[in-house]
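Read off the chains here:
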Amino acid sequence: MAKRKKKEAFDWEDEDQEEIIWVSKSEIKRDAEDLKQLGEKLVNLTKANLTKVPLDDSLKDAIELAQRLQKEARRRQLQYIGKLLRSIDAEPIREALEKIENKHNQQQAMLHKLEILRDELIAKGDAALTDLLNEHPSADRQQLRNLIRAAQKEKEQNKPSKAYREIYQILKTLILED
């Protein structure tokens, strides 16, 4: 009859055993599901956006195949993509995907900043114009100064804000081309 070995007791004083990090089975499953969902987002991207994401060749091929598949084959391929994602660092992929998804929000924020800058130019006049020209020396000082004065007059006389809109368009082309 074979003798059974006793399981070694966990020694809390042993430094090698202390550094082991225990991960629950549920946490491993949640991480795998997150990576599978990340893979699904990648599969749903257009080819143009997919080129902006840093992917290795095997993962890129698997994603392109999943884009062509349907139903059960697609589900299995998504599982496989999740498995491939577990073996690599997914953080750069997440960051690139977040940039693609938030591009619209970033554009809206930029346009909002332009509106604030325009209002500041009209309210403060030459002082704000000087600050703008220091940041963007290619701007036409005379044209902006004339438009600011015209916008101030329009505001005082409650006229339609033609110069107000023109300032915005100039700022948009000036700042977005830089």
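Structure shown above.
Structure report, in brief. In this text the structure is predicted, and so the values were computed from the model without any measurement. (Residues numbered from 1 in each chain as written. Predicted model: local features only at pLDDT ≥ 70, side-chain atom pairs only at ≥ 80, totals over all residues. Heavy atoms only, no water.)

Okay, the overall build of the chain next. Scanning the chain for helices and strands turns up ten helices and zero strands. Each helix (α) and strand (β) of the chain, taken in turn from the N terminus, gives the series α-α-α-α-α-α-α-α-α-α. Here the chain holds 178 residues, and the buried ones make up 28% of them. For the chain, long-range pairs separated by at least 24 residues make up 59% of all intrachain contacts whose partners lie at least 6 apart in sequence. (Helix = DSSP H or I, 4+ residues; strand = E, 2+ residues; numbered from the N terminus. Buried < 20%, exposed > 50% of the residue type's maximum accessible area, 1.4 Å probe, protein only. Contact = heavy atoms within 4.5 Å.)

Moving on, we come to helix H2 (residues 25-43). Spanning 19 residues, H2 covers 27 Å between terminal C-alpha atoms, matching the ideal 27 Å at 1.5 Å per step. Along H2, the residues classified as buried are Leu35, Leu38, Gly39, Leu42 and Val43. Projected down its long axis, H2 carries its buried residues within an arc of 145 degrees, all on one side. Looking at the packing, one finds that the buried side of H2 touches helix H3 (47-50), helix H4 (57-68), helix H5 (71-86) and helix H6 (91-101). (Expected span 1.5 Å × (residues − 1). Arc of directions from axis to C-beta.)

So, on to H4. Working note: α-helix, 3.6 residues per turn, so residues spaced by three or four point in the same direction. Over its twelve residues, H4 runs 17 Å from end to end, which matches the ideal 16 Å to within 8%, given 1.5 Å per residue. Residues of H4 that are buried sit in contact with H2, H3, H5 and H6.

Counted under the stated rule, the structure contains zero aromatic pairs. The lysine or arginine in question, Arg118, covers the ring of Tyr164, its NZ or CZ lying 3.8 Å from the ring centre. (Phe/Tyr/Trp six-rings, centres within 6.5 Å; stacked < 30°, edge-to-face > 60°. Lys NZ or Arg CZ within 6 Å of the ring centre and 35° of its normal.)

This part covers the packing of H2 against H6. Running from amino to carboxyl end, H2 crosses H6 at an angle of 45 degrees, the nearest separation of the two axes being 11 Å. Classified by the interaxial angle, the pair formed by H2 and H6 is oblique. Crossing geometry of H2 relative to H6 is assigned as left-handed. Residue-level inspection shows Asp34, Leu35, Leu38, Lys41 and Leu42 of H2 in contact with H6, the latter providing Ile93, Arg94, Leu97 and Glu101. Here the contact of H2 with H6 is built from residues that sort into five nonpolar, no polar and four charged. (Axes fitted to C-alpha atoms, helices over the stretch in contact; angles between N-to-C directions. Parallel < 35°, antiparallel > 145°, perpendicular 65-115°, else oblique. Left-handed = near helix turned anticlockwise from the far one by under 90°. Nonpolar A, V, L, I, M, F, W, Y, C, P; charged D, E, K, R; others polar.)

Let us look at the nonpolar core. Leu42, Val53, Leu55, Leu59, Ile63, Ile81 and Ile93 are the most contacted members of the largest nonpolar core, which totals 21 residues. Setting aside anything within four residues of it in sequence, one finds Leu59 in contact with Ile81, Leu84, Leu85, Ile88 and Ile93. (Core = buried A, V, L, I, M, F, W, Y, C linked by side-chain atoms within 4.5 Å.)

In this structure, Asp56 sits in the loop between H3 and H4. In this structure Asp56 comes out as partly exposed when scored by relative accessible area, which is 37%. Sequence separation of Asp56 and Ile88 is 32 residues, and the distance between their C-alpha atoms is 9.4 Å.

A grouping of Ile21, Val23 and Ile28 is seen on the molecular surface, where their side chains present a nonpolar patch of about 310 Å² in accessible area. Here Val23 lies in the loop between helix H1 (15-18) and H2. (Patch = residues over 30% accessible without salt bridge, like charges linked within 9 Å, V, L, I, M, F, W, Y side chains within 5 Å. Areas by Shrake-Rupley, 256 points an atom, 1.4 Å probe, with all protein chains shown as cover. Salt bridge = Lys/Arg side-chain N within 4 Å of Asp/Glu carboxyl O.)

Limitation: the analysis is restricted to geometry and does not speak to function.
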